[in-house]
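So you can see what is in the structure, the chains are spelled out below.
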Amino acid sequence: MELQNTVKEALNALYHHPDDTVRKQADRWLQDFQHTLDAWQVADNLLHDASSNLETLIFCSQTLRTKVQRDFEELPSEAFGPLRVSLNTLLKKFHKGPPKVRTQEVYNYNIAARPERRRQFEKELISQMEVALSILTACLSINELKEQVLEAFASWLRLKHGIHGSVLASHPLVITALSSLNSEFLSEAAVNVISELIHYTSAGSASDVALQMPLIQIIVPQVMNLKAHLKDSSKDEEDVKAIARLFADMGDSYVELIATGSDESMLIVNALLEVASHPEYYIASMSFNFWHSLQVILTKSHCHMSGILIYHLVMKLPLKPRERGGRMLLFTRMSHLFPCFSPQVSFRVQYPQDYLNLSHEDRKEFKQTRYAVADILIDAASVLGGDATLQILYKKLVEAVSCCGNGEKNEWRPAEAALFCIQAISNYVSIVEAEVMPQVMSLLPKLPQQPQLLQTVCLTIGAYSKWLDSASNGLSMLASLIDILMSGMGTSEDSAAAAALAFKHICDDCRRKLCGYLDGLFHIYRRAVTGECSFKVSAEDSLHLVEALSMVVTELPPENAKRALEALCLPVVTPLQEAVSQGPEILNKKTARELTVHIDRFAYIFRYVKHPEAVADAIQRLWPIFKAIFDLRAWDMRTMESLCRACKYAVRTSGRFMGMTIGAMLEEIQGLYKQHHQPCFLYLSSEVIKIFGSDSSCATYLKNLIESLFLHTTRLLTNIQEFTARPDIADDCFLLASRCIRYCPQIFMPSEVFPSLVDCSMIGVTVQHREASNSILTFLSDIFDVTNSSKGEQYIPIRNSVVIPRGGSITRILIASLTGALPSSRFESVTYTLLALTRAYGALAVVWAKESVSLIPLTAVTEVERSRFLKALSDAASGFDINSLTLPIEEMSDVCRRNRTVQEIVQGALRPLELHLSPVSS
């Protein structure tokens, strides 16, 4: 009684106390209370207490529900009967009250049921299907229960039990649900039933669907009768939404039948076109999945129907009946079907007049709508053909452009909408299209330079860069188009971003044409990079221009590339030189941004200028500046990450041409890592290992490098707390270790640091940081899979000498990770690593697993569940396909995670965090 009063007081404080601190304390106490054993009895008592208020009843019903779902195993078996009686009494007591506690179905994984019990329960439900439906049918005679009966029927249908379609077609519950669709007030329960019936009829194979045809034949006409309501302005919006949902369900479920093009299927398509034409986007978008699915089916069958159907969606055109003698006439007479481009597309993608006054969320929603329509256009173009689609869209553009000069307010918006659609299908327009695209490109310079329109114009230029490269007169067009891009760079931040991106695409695809115009391109580049003009290109977007010029320079012959690369680097290196020349004190006071904005541009230059010798020369000249920044800013993570990224691309592009510079670079980071522990020094080393790992002349140098880096890292990461505090170091350390296994195992595996890294990985594998944990798991699986490489067999004795003494502990930690030490989202990574270990060590690994699993008490995992898990590992050891073995492993994971109590028992038995390394002074 005292505890019951405390619960009431805490609830009163939670909901009514004026002090926020008191409310938080009450909330925390109530949450802790819900996890106690006493919560069972207290919640039950208060639910039976007539004096309990609604807040108490809600809290206690939620508590009892959660206890049943997650903590049922806390109860002794003798309590099951009294609990059932009490729950039935409460159901009778509250059956007319607010439905706060709902029934849970077999597929609800919030319930901590074992997989075997779940399968058994599903069979129990199916075996009682006829009895349940009989009871529900009998309850139909009680008018006030009709809606609840239909909701219950919908739940039973979710079991997908194979009742023949002819039986359901005449079943009173189905007839009631169908008749309820025509009632004045559309019943949500009836809609739920029909929705489940639609899914029910489409589940299974084609032969199963054929068996359901009697049911399909009565559902479809009844739903089709609702089509007129889609345009009925007097209809409640929720009712229209429910009707649209039924049509969308039919489209999704019967899409393969619709793809046959039968007369009946056209009726459904017409209804879905009505859905798509609805002014409310959230209703119209219900049909979008259908159009995409239809496109996928029809493109696979080389049919040209989908394009027409999808264009009707966006054009709001009625489908015309097909002539009896011409099965494909509807899909081939496109000129008749598309006399003009409908306003429907403009309605969806056209900028609203008050766009500038819209909230951030409203603008975001508008952009999402445009992207959705673009996806539909892409679906159409993928079947109808990009060139044919372009012709239809071009008509709308011409119509819109003709309005641009007539003085209408906001006349730019229709042209922008049409151009947006043309841009959307660019990947489907052939590069040899010569009828429409030249006219489109000739229109672009004539359009008003309104910011949003100019942004779309720039994006369209970039989208058709491949066409411009192939067009016979592409070079003559480029001058005027680049002028447009320059205007875009100076108009607004959004248009500048679009123009910079388009400039990159133009330089990428038309690089050969542009090699003779470097002076003009460099003029644009310098203006954007130096920021000394009216351009509104952000630092991030300027990287597009750096990439653009770098790709053009790549096309130059080697003798010209070196000089062009110097010109490319000049406006970037100048501010860095000035910063370094000001001395250490000033350089140290600069923000990271003041340096990284320039260093990041070097990263792009080194990445995209594909002239290895020229880049090697450039990095050699720049090295004194880079070294000064390394020496003076090694404490600054952001600057170091930027600098290491630039060096990484220099190494990747230049390779062995880097000569002495690579030695100086590695000596620098090797020394700085010991002082500043920057993770980026490790990933730069990873790139070096990838490029130079197989070079025997570098073996001694690389051995010293990796031993130094790994030795220092293992001294940092001696327990799980250190891994948690330094996840980036752990991530990059084990990425480097995996690189060593793949590119220089001859150096790494015989080294003294290999066993230390394996020990370190065992400590850190359960770190909660996703990338760090995955890198460690990958490292371990690479060790176990070392024989997959061509020369891996020679490293088996070394591997075994390290792994076998630790095999039991590694297996135990991996099983602990699988059963709760790591989040369930890591299931695939942990499973792969465990199966890789099993494949490598066969029966021995199964013994290790058996020893680990035997530590888990039978209260948490039954003998049957253990056996299923171990058999899966045994099958893996015997060479079975691992994809067929994941279900028993997944069930073991689920069983051990089914509630907090069980998870704590399992982790307490497996003790994955007990390992640690003794710190060694450096």
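Residues numbered from 1 in each chain as written. Predicted model: local features only at pLDDT ≥ 70, side-chain atom pairs only at ≥ 80, totals over all residues. Heavy atoms only, no water.

Chemist: Before we go on, may I ask you to explain the side chain of Ser253 in this structure?
Modeler: Within the secondary structure, Ser253 sits in helix H14 (residues 237-253). Setting aside its immediate chain neighbours within four residues, Ser253 contacts Ile198, His199 and Ser202. (Helix = DSSP H or I, 4+ residues; strand = E, 2+ residues; numbered from the N terminus. Contact = heavy atoms within 4.5 Å.)

Chemist: Quick question: what am I supposed to make of helix H27 (residues 451-463) here?
Modeler: Note: α-helices contain 3.6 residues per turn, so residues at a spacing of three or four share the same orientation. With 13 residues, H27 should reach 18 Å at 1.5 Å per residue; the first-to-last C-alpha distance of 18 Å fits that figure. For H27, the tally of buried residues reaches ten of 13 residues, placing the bulk of the element in the interior. Within H27, the full set of buried residues consists of Gln452, Leu453, Leu454, Gln455, Thr456, Val457, Cys458, Thr460, Ile461 and Gly462. (Expected span 1.5 Å × (residues − 1). Buried < 20%, exposed > 50% of the residue type's maximum accessible area, 1.4 Å probe, protein only.)

Chemist: Where do I start with a negative patch on the surface in this structure?
Modeler: Taken together, Glu147, Glu188, Asp236, Glu237, Glu238 and Glu280 make up a surface patch of like negative charges. Here Glu280 shows up in the loop between helix H16 (263-276) and helix H17 (281-284). A residue is classified by how much of its surface remains accessible, and Glu280, at 33% relative accessible area, is partly exposed. (Patch = residues over 30% accessible without salt bridge, like charges linked within 9 Å, V, L, I, M, F, W, Y side chains within 5 Å. Areas by Shrake-Rupley, 256 points an atom, 1.4 Å probe, with all protein chains shown as cover. Salt bridge = Lys/Arg side-chain N within 4 Å of Asp/Glu carboxyl O. Lys, Arg positive; Asp, Glu negative; His and termini not counted. Charge placed at Lys NZ, Arg CZ, Asp CG, Glu CD.)

Chemist: Sorry, what's going on with the environment of Lys871 here?
Modeler: Position of Lys871 among the secondary structure elements: in helix H50 (residues 863-877). Separated by 145 residues in the primary sequence, Lys871 and Arg726 place their C-alpha atoms 38 Å from one another.

Chemist: Please explain the pattern of salt bridges as it appears in this structure.
Modeler: Side chains carrying opposite charge are able to pair once their charged atoms draw close together. What the rule picks out here adds up to 41 salt bridges. Put simply, Lys589 and Glu585 hold a salt bridge, and the shortest N to O gap is 3.5 Å. Placement of the pair is Lys589 and Glu585 together in helix H35 (residues 584-589), with a separation of four residues, close to one helical turn. No difference in accessibility class separates Lys589 from Glu585, as the two residues are exposed. The salt bridge involving Glu891 is made with Arg868; its shortest N-O contact spans 3.1 Å. One end of the pair, Glu891, is in helix H51 (residues 886-896); the other, Arg868, is in helix H50, and 23 residues separate them in sequence. Overall, the relative accessible area of 33% leaves Arg868 in the partly exposed class. Three or more residues are tied together by salt bridges with common partners; here these are Glu116, Arg119, Arg868 and Glu891.

Chemist: Teacher, can you tell me more about helix H1 (residues 2-16) here?
Modeler: A rise of 1.5 Å per residue sets the reference length of H1, with its 15 residues, at 21 Å; its end C-alpha atoms lie 21 Å apart and thus fit the reference within 8%. Taken residue by residue, H1 has Gln4, Val7, Ala10, Leu11 and Ala13 as its buried positions. Its buried side turned inward, H1 meets helix H2 (20-34), helix H3 (38-48) and helix H4 (54-70).

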